[in-house]
Amino acid sequence: SSDMCFGAWLDHWYQTQCKPTIGSKTQTDYENRIYRHIIPEIGQIPLNRLTPADLQQFYRQLKQGGRLQAVGQYGPGLSDRMVKCCHVTCRTALNQAVKQGLILKNPADACKTPTLRPKEMQVLSPEEIRRLLIQARENDCYELLLLELSTGLRRGEILALQWDDLDLCTGVLRIERQVQRVRRELVISAPKTKSSCRSIILPAPILGVLRDYRQSIRSRWMFPSPLKEDSPLDPAYIRTRLHLILEHAQCKQIRFHDLRHTFATMA
């Protein structure tokens with residue numbers, strides 16, 4: 001009904017209409033916004049009495065003091081991106097309420113939210129790539145980083161590779177899955193988009209390196225975890241390891257995703 005609490009509607013919309021259409025990692029993001037931020041703050045307001053002023057005040061509170069953890073590291077307020085995501089979630093749920101005739105207008109349409117400024121892409125120079133790969137040999141990450149710089153795969157895609165995905169004779173590499181950390185567990189799933197399932201052909205020098213590397217691996221995973229049997233490397237482990245290698249190689253600190261940009265730039 002139109003006088004139900006906004007929190008009850010939001011929960012109903014998410015569980016019945018949104019959740020079945022999104023992946024497990026995206027579900028975690030939605031649930032964090034809905035059940036830790038939106039419902040505790042404005043979920044008690046009746047759906048037909050929720051105003052743009054209520055939403056605007058909520059966004060302001062998120063920006064000023066909405067952070068629930070790591071406050072000492074990042075400060076009390078949430079990022080512009082997180083505030084924007086909360087707004088988009090509210091607006092989408094309220095749009096559905098309008099379509100179902102529960103409310104006449106969407107109050108979120110009249111709200112102003114932070115303008116997101118895209119992060120500037122960072123890429124490594126050829127000299128930094130050389131130093132990175134030299135240092136990677138010392139940290140048992142040479143083959144992984146060499147393959148990344150030669151293909152531009154997403155982090156979850158390259159960590160989910162199995163030896164059966166690679167034809168060592170033709171060099172054809174199939175990308176059919178990804179690994180993500182969801183609720184503290186590693187989850188293997190389909191790639192990010194339908195078009196992400198693809199095949200690429202590796203250059204002959206890269207294929208030669210992987211042939212030699214294959215002799216030392218006793219796992220179906222191309223880059224297995226050193227701690228857990230029959231498991232790929234943890235994405236968080238690679239993030240930490242990359243920062244260490246970059247530091248020792250005296251390269252600028254970049255994200256793993258920036259290696260993807262580096263590959264595209266060099267290509």
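Residues numbered from 1 in each chain as written. Predicted model: local features only at pLDDT ≥ 70, side-chain atom pairs only at ≥ 80, totals over all residues. Heavy atoms only, no water.

Participant: When you look at unusual backbone geometry in this model, what are you seeing that I'm missing?
Facilitator: For residues besides glycine, phi is generally negative; the peptide bonds are generally trans as well. A positive phi is found at Ala-70, a non-glycine position, where the angle reads about 55 degrees. Position of Ala-70 among the secondary structure elements: in the loop between helix 3 (52–65) and helix 4 (71–74). Look at Asp-230: it is not a glycine, yet its phi comes out positive at around 50 degrees. Topologically, Asp-230 is positioned in the loop between helix 9 (204–214) and helix 10 (235–248). (Helix = DSSP H or I, 4+ residues; strand = E, 2+ residues; numbered from the N terminus.)

Participant: Is there a simple way to explain the environment of Ile-158 in this structure?
Facilitator: In this fold, Ile-158 is placed in helix 8 (residues 155–159). It is 11 Å that separates the C-alpha atoms of Ile-158 and Leu-146, two residues lying twelve residues apart in sequence. Ignoring sequence-local partners within four residues, the contact set of Ile-158 consists of Leu-144, Leu-147, Glu-148, Leu-153, Phe-223 and Phe-256. (Contact = heavy atoms within 4.5 Å.)

Participant: When you look at helix 2 (residues 24–42) in this model, what are you seeing that I'm missing?
Facilitator: Each α-helix winds once per 3.6 residues, and so residues spaced three or four apart point in a common direction. Between its terminal C-alpha atoms helix 2 stretches 25 Å, which fits the 27 Å expected from 19 residues at 1.5 Å a residue. Along helix 2, the residues that are buried comprise Gln-27, Tyr-30, Glu-31, Arg-33, Ile-34, His-37, Ile-38 and Ile-42. Structurally, helix 2 contributes buried residues whose contacts are with helix 1 (6–18), helix 3 and helix 5 (80–99). (Expected span 1.5 Å × (residues − 1). Buried < 20%, exposed > 50% of the residue type's maximum accessible area, 1.4 Å probe, protein only.)

Participant: Can you walk me through the pattern of salt bridges in this structure?
Facilitator: When their charged atoms lie close together, side chains carrying opposite charge are able to pair. On inspection of all chains with the given rule, the structure shows 14 salt bridges. Arg-131 is the partner of Glu-127 in a salt bridge, and the nearest nitrogen-oxygen pair spans 3.6 Å. Highlighted residues: Glu-127 and Arg-131, both in helix 6 (residues 126–138), separated by four residues, approximately one helical turn. The partly exposed category is assigned to Arg-131, whose relative accessible area is 25%. (Salt bridge = Lys/Arg side-chain N within 4 Å of Asp/Glu carboxyl O.)

Participant: Would you mind showing me how to read the packing of aromatic side chains here?
Facilitator: Both the distance between ring centres and the angle between the ring planes are used here to describe each pair of aromatic rings. Counted according to the given criterion, the structure contains six aromatic pairs. Judged by centre distance (6.4 Å) and plane angle (50 degrees), the ring pair of Trp-13 and Tyr-30 falls under tilted. Of the two residues, Trp-13 sits in helix 1 while Tyr-30 sits in helix 2, which places them 17 residues apart along the sequence. Connected via pairs of aromatic rings, a cluster forms that spans Trp-13, Tyr-14, Tyr-30 and Tyr-35. Taking the ring centre of Tyr-30 as reference, the NZ or CZ of Arg-33 above it sits at 4.6 Å. Positioned over the ring face of Tyr-142 is Arg-137, at 3.7 Å from the centre of the ring. (Phe/Tyr/Trp six-rings, centres within 6.5 Å; stacked < 30°, edge-to-face > 60°. Lys NZ or Arg CZ within 6 Å of the ring centre and 35° of its normal.)

Participant: I keep staring at the side chain of Arg-177 and nothing clicks. Help me out?
Facilitator: Topologically, Arg-177 is positioned in the loop between strand 1 (172–175) and strand 2 (178–182). One polar contact links the side chain of Arg-177 to the main-chain carbonyl oxygen of Ala-160, over a distance of 2.9 Å. Of note is the side chain of Arg-177, whose polar atom sits 2.6 Å from the side chain of Asp-165. (Polar contact = N/O pair within 3.5 Å; in protein donor to acceptor, adjacent residues only side chain to side chain.)

Participant: Got a minute to help me understand the packing of helix 2 against helix 5 in this structure?
Facilitator: Each pair of packed helices can be described by the angle between their axes along with the distance between the axes. Following both chains from N to C, one finds helix 2 and helix 5 inclined at 90 degrees, their axes separated by 10 Å at the closest point. Between helix 2 and helix 5, the angle is such that the two are roughly perpendicular. Contacts from Tyr-30, Asn-32, Arg-33, Ile-34, His-37 and Ile-38 in helix 2 reach Met-82, Cys-85, Cys-86, Thr-89 and Cys-90 in helix 5. (Axes fitted to C-alpha atoms, helices over the stretch in contact; angles between N-to-C directions. Parallel < 35°, antiparallel > 145°, perpendicular 65-115°, else oblique.)

Participant: Please explain the packing of helix 7 (residues 142–151) against helix 9 as it appears in this structure.
Facilitator: The N-to-C vectors of helix 7 and helix 9 enclose an angle of 155 degrees; their axes lie 11 Å apart at closest approach. Classified by the interaxial angle, the pair formed by helix 7 and helix 9 is roughly antiparallel. Crossing of helix 7 against helix 9: the hand is left-handed. Two secondary-structure elements touch here, helix 7 through Tyr-142, Glu-143, Leu-146, Leu-147 and Ser-150 and helix 9 through Ile-206, Val-209, Leu-210 and Tyr-213. Considered class by class, the residues forming the contact of helix 7 with helix 9 number seven nonpolar, one polar and one charged. (Left-handed = near helix turned anticlockwise from the far one by under 90°. Nonpolar A, V, L, I, M, F, W, Y, C, P; charged D, E, K, R; others polar.)

Participant: Honestly, the confidence of the model for the chain in this entry has me stumped. Any pointers?
Facilitator: Where the model shows low pLDDT, its predicted coordinates should not be examined in detail. In the predicted model, the chain carries a mean pLDDT of 92, and 100% of its residues have values of at least 70. Confidence, read as mean pLDDT per element, is least for helix 4 in the chain (80) and greatest for helix 7 (96). (pLDDT = per-residue confidence, 0-100.)

Participant: Is there a simple way to think about the side chain of His-37 in this case?
Facilitator: Note on placement: His-37 falls in helix 2. Judged by relative accessible area, His-37 falls into the buried class, the value being 5%. Dropping the residues within four chain positions of it, His-37 is found in contact with Asn-32, Phe-58, Leu-62, Gly-66, Leu-68, Leu-78, Met-82 and Cys-86.

Participant: So what exactly am I meant to see when it comes to the nonpolar core here?
Facilitator: As a rule of thumb, nonpolar side chains are buried together in soluble globular proteins. By size, the foremost hydrophobic cluster in this structure holds 40 residues, and its most contacted members are Leu-132, Leu-145, Leu-147, Met-222 and Leu-259. At the level of elements, helix 6, helix 7, helix 8, strand 1, helix 9, helix 10 and helix 11 (256–266) are the ones that each hand at least two residues to this core. Counting residues per element, this core draws most heavily on helix 7, at six residues. Discounting residues that sit within four places of it in the chain, Met-222 has contacts with Leu-147, Leu-161, Gln-162, Trp-163, Leu-166, Leu-173, Tyr-213 and Ile-217. (Core = buried A, V, L, I, M, F, W, Y, C linked by side-chain atoms within 4.5 Å.)

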